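Listed below are the residues making up each chain.
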Amino acid sequence: MSADKGSDDAIVRISDVIKEFGALRVLDGVGFDVARGQTVAIVGRSGSGKSTLLRCIAGLETVQGGTIEVCGHEVGRPGSAARAQLRRDVGMVFQSYNLFPHLTVERNITLALTLVKKQSRDAARAQAAEVLRLVGLTDKIDSYPEQLSGGQQQRVAIARSLALSPQVMLFDEVTSALDPELTAEVLAVMEDLARRGMTMITVTHEMGFARRVADLVVFMHKGKVWEIGPAAELLAKPRTPEFTQFVGSEL
Amino acid sequence: MIQLNANHLVYLLEAAKWTVLLSLIAFAGGALVGLPLALLRVSKIRLLRLLASGYIQLIQGTPLLILLFLSYFGLGIMGYKLVPIVAAGLSLTLYAAAFLGEIWRGCIEAVPKTQWEASDCLGLNRFQQYVYVVLPQSLRLAIPPTVGFMVQIVKNTSLASVIGFVELARAGQIVNNSTFEPFAIFTIVGAIYFVLCYPLSLAARALERKTNVGR
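This is a predicted model, so every value here is computed, not measured.

**Student:** Honestly, the overall build of chain B in this entry has me stumped. Any pointers?
**Tutor:** When helices and strands are counted, chain B shows eight helices and zero strands. From first element to last, N terminus to C terminus, chain B shows the α and β order α-α-α-α-α-α-α-α. If you line up chain B on its principal axes, its C-alpha atoms span 75 × 45 × 20 Å. Burial status across chain B gives 37% buried among its 215 residues. At a minimum sequence separation of 6, the contacts of chain B that also span at least 24 residues come to 75%.

**Student:** Where do I start with the confidence of the model for chain A in this structure?
**Tutor:** A low pLDDT means the predicted coordinates there should not be read in detail. Of all residues in chain A, 93% have pLDDT values of 70 or greater, and the mean over the chain is 90. Low pLDDT, under 50, characterises residues 1–6 of chain A; the stretch is placed with 17 contacts to residues that sit more than four places away or in other chains.

**Student:** Just checking my understanding: could you explain the sheet that holds strand 9 (residues 216–221) of chain A for this structure?
**Tutor:** Whether parallel or antiparallel, the strands of a sheet pair through hydrogen bonds between backbone atoms. Residue and element names in this part refer to chain A. Taken together, the six strands give an open sheet; going across it, the order is 6-7-8-3-9-10, and neighbouring strands pair in mixed fashion. Because the sheet does not close on itself, it has two edges, and the strands there are strand 6 (90–93) and strand 10 (224–230). Neighbour-to-neighbour, the strand axes of this sheet turn through a mean angle of 15 degrees, independent of strand direction. Inspection of the sheet shows strand 6 paired to strand 7 (residues 168–172) by four bridges, in the parallel sense. Bridge pairing in strand 7 links Met92 to Leu170. Its contacts with the sheet put helix 5 (residues 150–162) on strand 6 and strand 7, and the angle it makes with strand 6 is roughly 170 degrees.

**Student:** I'm lost on the interface of chain B and chain A in this one. Help?
**Tutor:** Where the parts come together, the accessible area they lose is often given as the size of the interface. Each side of the interface is counted separately: chain B has 14 residues, and chain A has 17 residues. Put simply, the parts of the chain that give the side of chain B that touches chain A at least two residues each are helix 5 (113–121) and helix 6 (126–156) of chain B. Among the residues making up the side of chain B that touches chain A, the classes are represented as seven nonpolar, six polar and one charged.

Thresholds, definitions, all that
Residues numbered from 1 in each chain as written. Chains lettered and ligands numbered in written order. Predicted model: local features only at pLDDT ≥ 70, side-chain atom pairs only at ≥ 80, totals over all residues. Helix = DSSP H or I, 4+ residues; strand = E, 2+ residues; numbered from the N terminus. Buried ≥ 20, exposed ≤ 12 C-beta atoms within 10 Å, placed from the backbone. Contact = placed C-beta atoms within 7 Å. pLDDT = per-residue confidence, 0-100. Pairing = 2+ DSSP bridges. Axes fitted to C-alpha atoms, helices over the stretch in contact; angles between N-to-C directions. Nonpolar A, V, L, I, M, F, W, Y, C, P; charged D, E, K, R; others polar.

This is how it looks when you write it as structure tokens:
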């Protein structure tokens, strides 16, 4: 079921990935490539393996079979030296924001800049101001996460990730905990990023977003890539009954 | 028989100083050993986890009184004769370390796993994750139960009287031996313990309220 585009400028290459939790096979031979600058929307029902796939790409889970290559380094194996490099190239945004509640918005962003990228405090501050401007939250720089709305927290989380200048951004159902209005403000930030040429892989329930922004839609079902193709084409003409039903139920 | 008088009261208050000092030693020692213990308990290395939990279970399953006997009489007979305050300080340190280690382990584990994941994704190594992300959040959670445990320590220092360390409880016995007014004397002794402990209890409750705000 893997639909390799096999493009030379692939920045993420996933092939034949197997992931098991005990006896349960969550990913069953998943494979596709993501080209630089592409926005990919992974859709599917709960339990289809889409979030697990994203966590494997982020290096948060190890895989039992197959390979995942991000920016030329292989990830997904335990203790691989590529892990440190992966952290530099890949940003991850979570459904539950996961901001550090004891730190201000600014420190949330500068923490990794000073600790990991060894930037000076001043350079890190400038960078924080820059990314907060991108997500439209300049005035919240001194706030604590609990003082922000869910949508604002998620935009800070995106900014925190962006500050490290990743080559690929991963979004794991980042709007699922938000009401429609807040969802819209987060999606607007993501659309803006896509326009700026960021390579993005998003696990999402927002079919509207997938239709508008994604270059490639991946429909996952039972741990496999069930359908894959350009967004407009795929969403207009689902080929399998499962995807037809899924698209119908999501609209 | 000597009448209970102001000198006795001064004597008891002097002895209360030793109770405070022993409490401070126990708490400082317990914290110094307890924090590494807590970190070992959540270590990724199984052997370290087992060693730490073995120690904790052993100490938690042993009466403090026995620890006091062991460090005073036990070590004494083996040629390591400790003065009472050292023996008492050692016992209480071992005792407090086990309990604080277990309390703090809980506080470390109470920080959501997602905080580890988020900081991992930002490239922080494990040491940085502890220092900048996890422990500061654990600290907030740890303050109320830690202060609560300090109350236990203050009261438990009274057991040091059995190895001849003249702290508040022992001083009460001594005064009673010369005046034989146990009810009055031990009421006073109890009241002094209360004065030492109650502010801590109040602080623990206040801190608990404070930590719950905005959570």
